[in-house]
Amino acid sequence: MENNCQSHPLSLREIQIQDGFWTKEMELVRREVIPYQWEALNDRVPGAAPSYCMHNFKTAVKKNALRKSQGSAFREPSFSKNGWFFQPKDPQHPDEDFYGFVFQDSDFYKWIEAVGYSLTQHPDPQLEAIADEAIEIVCSAQLENGYLDTLYILGGTDKIFTNLRDHHELYCLGHLIEGAVAYYDATGKDRLLRTACRYADFVCETFGPEEGKCHGYPGHEIAEMALMRLYEVTGEDRYLKLAEFFLDARGTRPYYFDREHPENGTARPDELRHFYHQAHLPVRQQEGAVGHAVRAVYLYSGMASVAKQTGDPALLAACERLWNDIVQKKMYITGGIGSTHLGEAFTFAYDLPNDTAYAETCASIGLMFFARRMLEMTPKACYADEMERALYNTVLSGMALDGKSFFYVNPLEVDPEATKKDERKFHVKSVRQKWFGCACCPPNLARLISSIGSYAYTENDSTLFVHLYVGGQITKQTGPRSFSGIVIRSGFPYDGNVSITFPEDTPSFTLALRLPGWCSSYTVTGTKGAVLQEKEGYLYLTKAFSKNDEINLSFPMEPRLVKCNPLVRENVGKVAVTRGPVVYCLESVDNGSNLPLLSVDSTADARTEEITIAGEAVPSLVIPGFREISSAQGQLYVPYTPPKRESVALRFIPYYTWANRGENEMSVWVREA
Ligand code: FUB
Ligand code: ZN
């Protein structure tokens, strides 16, 4: 039962996104990413590393048929391989075995999730038919006992759940659930959902606190939040209990992963052995975000989902601590998280190097998951502000403006030469890639973008919350209120004007409108007769709306210079440029090479000038600044002379639009003149 400040996302079937910015992004996902990914899952992309994802499912179906026809005489092949990736001898002609990353099944689950969301906005019988056929294959790969992971179905079922730390079976369960729920919600078809429930039931029978059950927990989190979703859809208590068990077991002693991997010994301190998986301490005692960043924010999202349901104050307090630790000490201005490529991980407070940043696209998507769940518990604009920061900066930077290439890593400063010659920066790419062997980010982007409505709006019995200003039409036919077609128009992220119109009389209810933290004032009109209250960064407006009522909000989006806490050593003496929720950057294609020579005049005004990037009109910001003229021409060191500089007009572009005009230098932080 939700209390009156808790809320839940609207179903995507109740929202029709119609937005100058987001409709285009969603169309890119629908037209480019989803079909491309389907080809990739089937190893049909010329020149791209094969995925083997559908190969594995189809092979598992064949082996299951054999298993049935041969009854008990069937012998499982023994699981002979180790490591995270399985490579066939002939990559183009894999034999009937498992290939690819150990978590390859999840690529299909993320794809079907994006398909489900996309179908709610754009019915597409052809795509649905492809999806149904694929679902049939995936469901037929399931074993009779409910187990479903092709890695072990093909590799030897006698070894299932023996390497929870590395082998992602529970991660695949989580993605299966997320995909199945999304497809069910969109189409009403429950074939995949029943399969997900059967696998979840098998896991419920296998894991738990009881004597004789396995006391392990996922090596890569996501099952926790996914099980909560399954619990919400089915109402089955056992899924909530399993999610709670996975949280409660994590980090307890003796460490499960030590028992599972005695070969690793215990000589290294507990933290070093268990940070990566956030398994160093029981979750309620964890103080700071550690380890693999995607794993971390997926865990915290699961903790928030369980805390919301159970009201557990210690779990909520841990979520708040971990949230604050991230956004106050470990997050880039772009909403990127994970400062090092070593373990794709968090490092320590204020360690935010710009040029070696990892800032994986998936990690910022996970930060959005966490933020939305915190908002569901406590509607505070600080959560929505950071959700918006991650969205309009790192998340969008993950995809090219034409939807055809992707970044996995999202640095804040790039010198293309360094990315090729300096091994410390090999993880950084200066051009987006068509696809990745480990293809976690593009499908994650597809599912996030096509479900943007569920981040923008949540509701409870009395209130409709608007967390992100994403335009669309909300129609509710069920629940305590029914609206037919409230229309929200928004110019975000470049224009702060928003209008909300009511096409018919609506019984009294409350609209909670977020007041973004980046703007210090706002105006609102059309509130006559409404009860108004400002709380925690939301404007609560209660009224029985009449037909054609219109509320207009305006959030000024002045360009702003931002300073960084000096404990971030990299950014001392520098500023970043933002406008509304968008962080800007310099590219050498506009400003000439050697960007560190540039400095910005922090006393000067910025001028907005529209430019075209990859065929798209984008507001750039032009700010007076300087280019240093060095006396060290051809020499490494020269005697000091007072600095000389020339005046230049610096052109800043939105960070997420960088690397759309060929390979070039980029920098977010710029020296202050
Ligand atoms: O391990 C599965 C996914 O692959 C992670 O979430 C990503 O960070 C990548 O390592
Ligand atoms: Zn990723």
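If you're wondering where the values come from, they're calculated on a predicted model, not measured in any experiment.

(A) Quick peek at the coordination of the zinc ion (ligand 2). The protein atoms that coordinate the zinc ion (ligand 2) are Glu360 (OE), Cys362 (SG), Cys440 (SG) and Cys441 (SG), at distances spanning 2.1 to 2.3 Å. Here the donor residues of the zinc ion (ligand 2) are spaced in sequence according to E-x1-C-x77-C-C. A residue pair is termed long-range when its members are at least 10 positions apart, and Cys362 in helix α14 (residues 361-377) and Cys440 in the loop between α16 (416-421) and α17 (441-449) qualify at 78 residues. Like Cys362, the residue Cys440 is buried in the burial classification.

(B) Region of the structure containing empty space enclosed by the protein. Summed over the entire model, instances satisfying the criterion amount to two cavities of 30 Å³ or more. Counted as a void, the largest cavity has a volume near 40 Å³. In terms of lining residues, the largest cavity is bounded by Glu25, Leu396, Met399, Ala400, Leu401 and Tyr656. For the lining of the largest cavity, the residue count by class is five nonpolar, no polar and one charged. In this model, the second largest cavity occupies a volume close to 30 Å³. In terms of lining residues, the second largest cavity is bounded by Ala49, Pro50, Ser51, Gln104, Asp107, Trp435, Phe436, Gly437 and Ala439. A class-by-class count of the residues in the lining of the second largest cavity yields five nonpolar, three polar and one charged.

(C) Examining the sheet that holds strand β6 (residues 457-459) more closely. Pairing in this open sheet of six strands is mixed, and the strands run β1-β6-β7-β11-β14-β13 from one edge to the other. Since the sheet does not close on itself, it has two edges, and those belong to β1 (8-9) and β13 (531-535), each with one partner. Sheet topology note: the β1/β6 ladder contains two bridges and is antiparallel. Counted as the bridge partner of Pro9 is Thr458 from β6. In this fold helix α15 (residues 381-397) packs onto β11 (509-514) and β14 (538-543), with an angle of close to 55° to the strand it touches most, β11.

(D) Examining α15 more closely. Its 17 residues place the ends of α15 23 Å apart at the C-alpha level, agreeing with the 24 Å of an ideal helix rising 1.5 Å per residue. At Leu391, α15 shows its largest kink, close to 35°. Across the 17 residues of α15, 15 count as buried, placing the element largely inside the fold.

(E) Representation of the sheet that holds strand β8 (residues 472-476) within the structure. An order of β2-β8-β9-β10-β15-β12 is seen for the six strands of this open sheet, with the pairing classed as antiparallel. Of all strands in the sheet, those bounded by a partner on one side alone are β2 (15-17) and β12 (523-525). Across the sheet, the mean angle separating the axes of adjacent strands is 15° when strand polarity is ignored. Here four bridges tie β8 to strand β9 (residues 483-490), and the two strands are oriented antiparallel to one another. Considered in β9, the bridge of Lys476 is made with Phe483.

(F) Just the nonpolar core, in detail. Phe108, Ile326 and Leu511 are the most contacted members of the largest nonpolar core, which has 225 residues in total. Excluding anything up to four places from it in sequence, Phe108 contacts Trp38, Leu41, Cys53, Met54, Phe57, Ala134, Ile135 and Val138.

(G) Just the pattern of salt bridges, in detail. The full count for this structure, using the stated rule, is 47 salt bridges. For the salt bridge of Arg447 with Glu113, the shortest nitrogen-to-oxygen distance reads 2.8 Å. Here Glu113 lies in helix α3 (residues 105-121) and Arg447 lies in helix α17, a separation of 334 residues in the sequence. Glu113 sits in the buried class, given a relative accessible area of 2%.

About the thresholds
For every chain, the first residue of the written sequence is number 1, and numbering continues from 1 onward in sequence order. Working convention: letters from A go to chains and numbers from 1 go to ligands, in the order in which they are written. Given that this is a predicted model, residues contribute local features only at a pLDDT of at least 70 and side-chain atom pairs are listed and counted only at 80 or more, while totals for whole chains, interfaces and linings are drawn from all residues. Note that water and hydrogens are dropped before the side-chain values are worked out from all heavy atoms of the structure. Atoms are scored as donors when they are N, O or S and lie within 2.8 Å of the metal, with 3.2 Å used for Na, K and Ca; no water is included, so coordination may look incomplete. Each helix is a run of DSSP H or I of at least 4 residues and each strand a run of E of at least 2, with the numbering of both proceeding from the N terminus. Categorising residues by exposure relies on relative accessible area from a 1.4 Å probe, with only protein chains included: less than 20% of the type maximum marks a residue as buried, more than 50% marks it as exposed, and the intermediate range marks it as partly exposed. Put simply, the grid is 1 Å and covers the protein atoms alone, a cavity is a trapped set of points that fit a 1.4 Å probe, a pocket is an open set with protein on both sides within 12 Å along at least five of seven lines, and lining residues have an atom within 4 Å of a point. Grid points are joined across faces, edges and corners, and a volume is the space filled by probe spheres set on the points. Each residue gets one label: Ala, Val, Leu, Ile, Met, Phe, Trp, Tyr, Cys and Pro are nonpolar, Asp, Glu, Lys and Arg are charged, and the others, such as Gly, are polar. For two strands to pair, DSSP has to find at least two bridges joining them. In this analysis, two residues are considered to be in contact whenever any of their non-hydrogen atoms come within 4.5 Å of each other. The axes are straight lines fitted to the C-alpha atoms, using for helices just the contacting stretch, and the angles between their N-to-C directions are given from 0 to 180°. Here, expected helix span is obtained from the residue count minus one, scaled by 1.5 Å. The angle between axes fitted to the seven residues ending at a residue and the seven residues starting there is what we call the bend at that residue. Residues belong to a common nonpolar core when they are buried Ala, Val, Leu, Ile, Met, Phe, Trp, Tyr or Cys residues joined through side-chain atoms within 4.5 Å. We define a salt bridge as a side-chain nitrogen of Lys or Arg found within 4 Å of a carboxyl oxygen belonging to Asp or Glu.

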